[in-house]
Amino acid sequence: MKYACLNPISEFGLQALPAGFEKTEDLNEADAILVRSAVMHEMEFAPALKCVARAGAGVNNIPLDVLRDKGVVVFNTPGANANAVKELTVLALFLTARDVPGGMAWVRENKEDENLAKSMEKAKKKFAGHEVYGKTLGVIGLGAIGFMVAETAVALGMKVVGYDPFLPDALRVKLPAAVTVVDDQKEVFRAADYITVHVPENDATRGTFRKEAFAEMKDGVVLLNLARAGLVNEDDLEEALKSGKVARYITDVPDKRVANMPNVIGFPHLGASTEEAEDNCAKMAAEELGDFLLNGNIRNSVNFPAVTLGAKEGARTLVLFKEGAETEKMKVLVPGFQKAEIKVKKGAGAALFEGGEAAEGLKALDGVVRVLTF
Ligand code: MLT
């Protein structure tokens, strides 16, 4: 099997690929692509390509639907960098509460002052701030990152109000009792002194922070966005910053316009840029690719449902299909299909079964996108 890397991927992680997997620079022969932030929307994809793994959680740099329609399975690594992003979020929270960057800049500017220690005593009142203890943190998105941020905020003595329409019950019960989960994000906007957002950018979440949302918020709210730029409407943010509705906006996804707005603290997208997160993400991505290319198992895919049958012993077949495909005919055509693991998610289906017969017949059925034998 051959894989290509569109970005540097941690060597530690690549060691998790099965023996015999070879790196290639030629995308035409790659069975798999590993990617971090490279934008793939304009790329052409060769027929050899079977899967793409993003070493990270967000997948807005990948054309998921185009790849789904070609029968290319896309994986991400949910949770693998969550602790790194959580730690940066906590740092961001404190950076908005205390003007440490301002104080640091002052020390740098005055570092030749013989009386620095004395002058500092006078200067320091400019950098005074407040404590986060007792304040309310609103968390939009209680997935792997938001969940950990909520837990940490509780440990810091903050009140936490969270919103996540996709929060599974199994996770909800694990949240500290002090976290109030609400069904309407307006309740978060209304209650919070600080709001942090940890959701992917997609059609449902783009522009979450717009005029109507700002109107619900407390005057002087602080907004943290270490997720994606598109979650915030820039025109409305500018207005909210100028009017003081938003006292501070801290983000690791600023563009030129946002970086020039008043009361913005911006820095590069560093959330997952720790050695540990890079290793964790690369390892998880390599394991997902390896298990898929060897066994046909799909775990953590963002464009096909999960199907897993463990390690294979004989031949195995995976059918990728559109929802509504002729699965009943598949059962007639292939005896092994009777015992297939079949799942459908968001219009895309996957069926994995033992045996390697009748691949050609399956390909001819309506709605079948791709048949792979392992
Ligand atoms: C993620 O999507 O995993 C984080 O935003 C970090 C990254 O983009 O690498």
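In case you missed it, the structure is sitting above this.
Now for a description of the structure that goes with this document. Remember, it's a predicted structure, so these values are computed and weren't measured experimentally.

The rules we used
Residues numbered from 1 in each chain as written. Predicted model: local features only at pLDDT ≥ 70, side-chain atom pairs only at ≥ 80, totals over all residues. Heavy atoms only, no water. Helix = DSSP H or I, 4+ residues; strand = E, 2+ residues; numbered from the N terminus. Buried < 20%, exposed > 50% of the residue type's maximum accessible area, 1.4 Å probe, protein only. Contact = heavy atoms within 4.5 Å. Areas by Shrake-Rupley, 256 points an atom, 1.4 Å probe, with all protein chains shown as cover. Lys, Arg positive; Asp, Glu negative; His and termini not counted. Charge placed at Lys NZ, Arg CZ, Asp CG, Glu CD. Pairing = 2+ DSSP bridges. Axes fitted to C-alpha atoms, helices over the stretch in contact; angles between N-to-C directions. Disulfide = S-S within 2.5 Å. Phe/Tyr/Trp six-rings, centres within 6.5 Å; stacked < 30°, edge-to-face > 60°. Patch = residues over 30% accessible without salt bridge, like charges linked within 9 Å, V, L, I, M, F, W, Y side chains within 5 Å. Salt bridge = Lys/Arg side-chain N within 4 Å of Asp/Glu carboxyl O.

## Considerations on the overall build of the protein
- Per the secondary structure count, the protein includes 14 helices and 16 strands.
- Overall, the C-alpha framework of the protein stretches about 80 × 45 × 35 Å when taken along its three principal axes.
- Counting all 374 residues of the protein, 48% fall into the buried class.
- In the protein, of all internal contacts separated by at least 6 residues, the share reaching a separation of at least 24 is 62%.
- For the protein, the exposed surface amounts to about 18,200 Å²; the carbon and sulfur share of it is 52%.
- Here the protein holds 45 positive side-chain charges and 53 negative ones, and the gap between their average locations is 4 Å.

## Quick word on the sheet that holds strand 10 (residues 221–225)
- Within the open sheet, the seven strands sit side by side as 8-7-6-9-10-11-12. Their pairing is parallel. Taken across any chain shown, the strands that pair with only one partner, and hence form the sheet edges, are strand 8 (179–182) and strand 12 (264–266). With strand direction ignored, the average angle separating the axes of adjacent strands in the sheet is 15 degrees.
- Across the sheet, helix 3 (residues 82–97) touches strand 6 (136–140), strand 9 (194–197), strand 10, strand 11 (246–251) and strand 12, and the angle it forms with strand 11 is around 145 degrees.
- Its contacts with the sheet place helix 10 (residues 234–243) against strand 11 and strand 12, and it is angled at close to 130 degrees to strand 11.

## Let's talk about the pairing of strand 1 (residues 2–5)
- In the sheet, strand 1 pairs with strand 2 (residues 22–23) via two bridges, with the strands oriented parallel. Pairing of Tyr3 across the sheet is with Lys23, part of strand 2.
- Across three bridges, strand 1 lies against strand 3 (residues 32–35) in parallel orientation. Within the sheet, the bridge partner assigned to Tyr3 lies in strand 3 and is Ala32.

## What to know about the state of the cysteines
- Taken as a whole and assessed by the stated rule, the structure comprises zero disulfides.
- In this structure Cys5 is a free cysteine whose sulfur lies 12 Å from that of Cys51, the closest cysteine sulfur available.
- Residue Cys5 is classed as buried on the basis of its relative accessible area, which comes to 18%.
- Between Cys281, a free cysteine, and Cys5, which holds the nearest cysteine sulfur, the sulfur-to-sulfur gap is 14 Å.
- Assessed through its relative accessible area of 3%, Cys281 is described here as buried.

## Regarding the packing of aromatic side chains
- Under the defined criterion, the tally for this structure stands at three aromatic pairs.
- Linked through ring pairs, Phe75, Phe292 and Phe374 together constitute an aromatic cluster.

## A look at a positive patch on the surface
- A contiguous patch of positive charge on the surface is contributed by Lys118, Lys122, Lys125 and Lys126.
- When its relative accessible area of 58% is taken as the criterion, Lys126 is described as exposed.

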